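Each chain, written out:
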Amino acid sequence: MSTTDTTVVGIDVGGTNIEVGLVTAEHTVLDRAKAVTPETGPDDVLQTIIDLVHSLDGDPIAVGLGIPGVVHEGQALTVPNLVGWTHPVGLIAPLSDAFNVPVSLGNDANVGLLGEWAAGAARGGRNVLGLWMGTGVGGGLILDGRPYTGARGAAGEIGHVVVLAGGALCSCGRRGCAEAYAGRKSMRGTATAMVAAGRETSLFDIRDAEEKTKLTSKVWAAALEDEDALATELFGTAIDMLGVALGSTNNLLDLDRVVVGGGLAEKLGQDLADRLHTAAEPWMLQPSPKLHFVVAELGDDAGVVGAATLARSAIIAP
Ligand SMILES: [Zn+2]
């Protein structure tokens, strides 16, 4: 059997880009393609996915898809970061029809952790939390050696663990979530308000060549490197609040590993994982010698490799 007889396709749908890859059983990405995520609703996103997959050089035996929303029984129930996804969208049927192979669907954070579990920093872990620090704060779980998605596919939302009752307003509409302090979108809002109140910072002077108007991970990393006082303070609060969420989560789940991913993890490396571990310890019932904090290894490939792993596990499952 040639390599192409066992390749699967992984699809990573993000708020900015859609990435697809042809992935081997050894988790190597043989071919890849990428396009900007359409902001014109599910039909155009589906068509973009179909075009991208057809552009790959190979015949996959299965297709897996990670999408940034609550996913249950083949439907994307809510997808807050994609424009025009206002109702549940069935994704399995149109993609199965287009590709004529089995299609599997998962939440992007869960799928990213699946990638790290198959081929990255979560390898060998039995009780793992994936923590993705990005525009928001996402999460995924492996429990007792299996991916865990919960009763309706919504498990792992470490970003919406409440760390301060009545605290800062979160993107989900509630108050005091970890994401309200540690998501880049929230941190930008806080920084903007503090500048308006007279604080000085270099945050808004640093330019990311690709994303001129946003406070990207690159901008935050540069401001922290420069020891910008406001950036250091806001980042310190983010770490502290994530520490509360992580410590409490560990009390509930007794984890052996926390994998920290996202743009900031790529920029700051193991130091970020170590800081989160230190911030979590005061909230743990007792220190756990089995618990390790590590940074993700696959970078942008985690989504594609994870979606491919999801596709493969669906066709080999009993
Ligand atoms: Zn929230």
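Residues numbered from 1 in each chain as written. Predicted model: local features only at pLDDT ≥ 70, side-chain atom pairs only at ≥ 80, totals over all residues. Heavy atoms only, no water.

**Thoughts on the overall build of the protein chain**
Put simply, the test is: To qualify as a helix, a DSSP run of H or I must reach at least 4 residues; to qualify as a strand, a run of E must reach at least 2; elements of each kind are numbered from the N terminus. Any residue under 20% of the maximum accessible area for its type is buried, any over 50% is exposed, and the rest in between are partly exposed; the area is computed with a 1.4 Å probe on protein chains only. Whether two residues are in contact is decided by their heavy atoms, any of which lying within 4.5 Å being enough. All accessible areas in this document rest on Shrake-Rupley with a 1.4 Å probe, and a residue is counted as covered only by the protein chains that are shown. His is not counted, nor are the chain ends, whereas Lys and Arg count as positive and Asp and Glu as negative. The atoms used to mark charge sites are NZ of Lys, CZ of Arg, CG of Asp and CD of Glu.
In terms of regular secondary structure, the protein chain is built from ten helices and 13 strands. Viewed in the frame of its principal axes, the protein chain has a C-alpha envelope of about 60 × 45 × 35 Å. Scored against the burial criterion, the 318 residues of the protein chain give a buried share of 52%. Residue pairs at least 24 apart in sequence account for 62% of intrachain contacts in the protein chain once pairs closer than 6 positions are excluded. A total accessible area of about 14700 Å² is found for the protein chain, and carbon and sulfur atoms account for 51% of it. Side-chain charges in the protein chain split into 21 positive and 38 negative, and the spacing between the mean points of these groups amounts to 4 Å.

**Side note on the side chain of D228**
Here is the rule we go by: Only one rule defines a salt bridge in this text: a Lys or Arg side-chain nitrogen within 4 Å of an Asp or Glu carboxyl oxygen. Distance and chemistry together define a polar contact, namely a pair of N or O atoms within 3.5 Å, with one atom able to donate a hydrogen and the other to accept it when in protein, and with adjacent residues in sequence counting only for side-chain atoms on both sides.
Counting through the fold element by element, D228 comes out in the loop between α6 (217-225) and α7 (229-253). Summary of buried charges: D228 has no salt-bridge partner, and the nearest side chain of opposite charge, R199, is 6.8 Å away. Side chain to side chain, D228 and T201 meet in a polar contact 2.8 Å long. In this structure the side chain of D228 is engaged in a polar contact, spanning 3.3 Å, whose partner is the backbone nitrogen of L230. Apart from the residues within four sequence positions on either side, D228 is in contact with T201, S202, L203 and A223.

**A word on the packing of α7 against helix α9 (residues 270-280)**
Cut-off, in case you're wondering: Angles run from 0 to 180 degrees between N-to-C directions of axes, and those axes are lines fitted to C-alpha atoms, restricted for helices to the stretch in contact. Each angle gets one of four labels, with under 35 degrees taken as roughly parallel, over 145 as roughly antiparallel, 65 to 115 as roughly perpendicular, and the rest as oblique. With the far helix as reference, a near helix turned anticlockwise by less than a right angle produces a left-handed crossing, and one turned clockwise produces a right-handed crossing.
Running from N to C, α7 and α9 cross one another at 60°; their axes reach a closest spacing of 7 Å. With respect to α9, the axis of α7 lies oblique. As for the relative orientation of α7 and α9, their crossing is right-handed in sense. Two secondary-structure elements touch here, α7 through F235, G236, I239, D240, L242, G243, L246 and G247 and α9 through L272, R275, L276, A279 and A280.

**What about the sheet that holds strand β11 (residues 146-148)?**
Operational definition: Strands were regarded as paired on the criterion that DSSP finds at least two bridges between them.
Taken together, the five strands give an open sheet; going across it, the order is β11-β10-β9-β12-β13, and neighbouring strands pair in mixed fashion. Where the open sheet ends on each side, the last strands, each with one partner, are β11 and β13 (292-295). With direction set aside, neighbouring strand axes in the sheet form an average angle of 25°. As paired strands, strand β9 (residues 128-133) and strand β10 (residues 137-143) are joined by six bridges and run antiparallel to one another. Along β10, the bridge assignment pairs L131 with G139. The strands touched by α7 within the sheet are β9, β10, β12 (257-261) and β13, with β9 carrying the most contacts at an inclination of about 165°.

**Here we look at the sheet that holds strand β5 (residues 70-72)**
Across the sheet, which stays open at both edges, the three strands sit in the order β5-β6-β7 with antiparallel pairing between neighbours. Looking at the sheet topology across the chains shown, the edges are occupied by β5 and β7 (89-90). For strand β6 (residues 75-78) and β7, the ladder comprises two bridges, and the chain directions are antiparallel. The partner of A76 across the bridge, within β7, is V89.

**What to know about the pattern of salt bridges**
The final tally for this structure, using the stated rule, is four salt bridges. D301 is the salt-bridge partner of R32, the closest N and O atoms lying 2.6 Å from each other. Placement of R32 in strand β3 (residues 29-36) and of D301 in helix α10 (residues 301-316) is noted, with a sequence separation of 269 residues between them. Overall, D301 belongs to the partly exposed group, its relative accessible area being 21%. In this structure, E297 and R123 form a salt bridge, with 3.7 Å as the shortest nitrogen-oxygen distance. Placement of the pair is E297 in the loop between β13 and α10 and R123 in the loop between α3 (108-119) and β9, with a sequence separation of 174 residues.

**Describing the packing of α6 against α7**
The following threshold applies: Think of it as three bins: nonpolar holds Ala, Val, Leu, Ile, Met, Phe, Trp, Tyr, Cys and Pro, charged holds Asp, Glu, Lys and Arg, and polar takes everything else, Gly as well.
It is at 8 Å that the axes of α6 and α7 come closest, and there the two elements cross at 115°. Looking at the two axes, α6 sits roughly perpendicular to α7. By crossing handedness, the relation of α6 to α7 is classed as left-handed. Taken together, the residues of α7 that come into contact with α6 (itself represented by W220, A223 and L224) are A231, T232, L234 and F235. Considered class by class, the residues forming the contact of α6 with α7 number six nonpolar, one polar and no charged.

**Comments concerning the pairing of β9**
For β9, the buried fraction is high: six of the six residues fall into the buried class. Here β9 shows no split at all, with V128, G130 and W132 on one side and L129, L131 and M133 on the other all buried. Between β9 and the antiparallel strand that follows it, β10, lie three residues.

**Details of the coordination of the zinc ion**
The line we're drawing: Note that water is not among the atoms used; donors are N, O and S atoms within 2.8 Å of the metal (3.2 Å for Na, K and Ca), so sites may look incomplete. Every geometry call rests on angle ranges, with four donors termed tetrahedral when all angles are between 85 and 135 degrees, four termed square planar and six termed octahedral when opposite donors are over 155 degrees apart and all others are between 65 and 115, and everything else termed irregular.
Within the protein, the zinc ion binds to H160 (ND1), C170 (SG), C172 (SG) and C177 (SG); these donor distances fall in the range 2.0 to 2.4 Å. Its four donor atoms give the zinc ion angles of 105 to 117° at the centre, a pattern that matches the tetrahedral case. Spacing between the donor residues of the zinc ion along the chain follows H-x9-C-x1-C-x4-C. Residue C170 shares its accessibility class with C177, and that shared class is buried.

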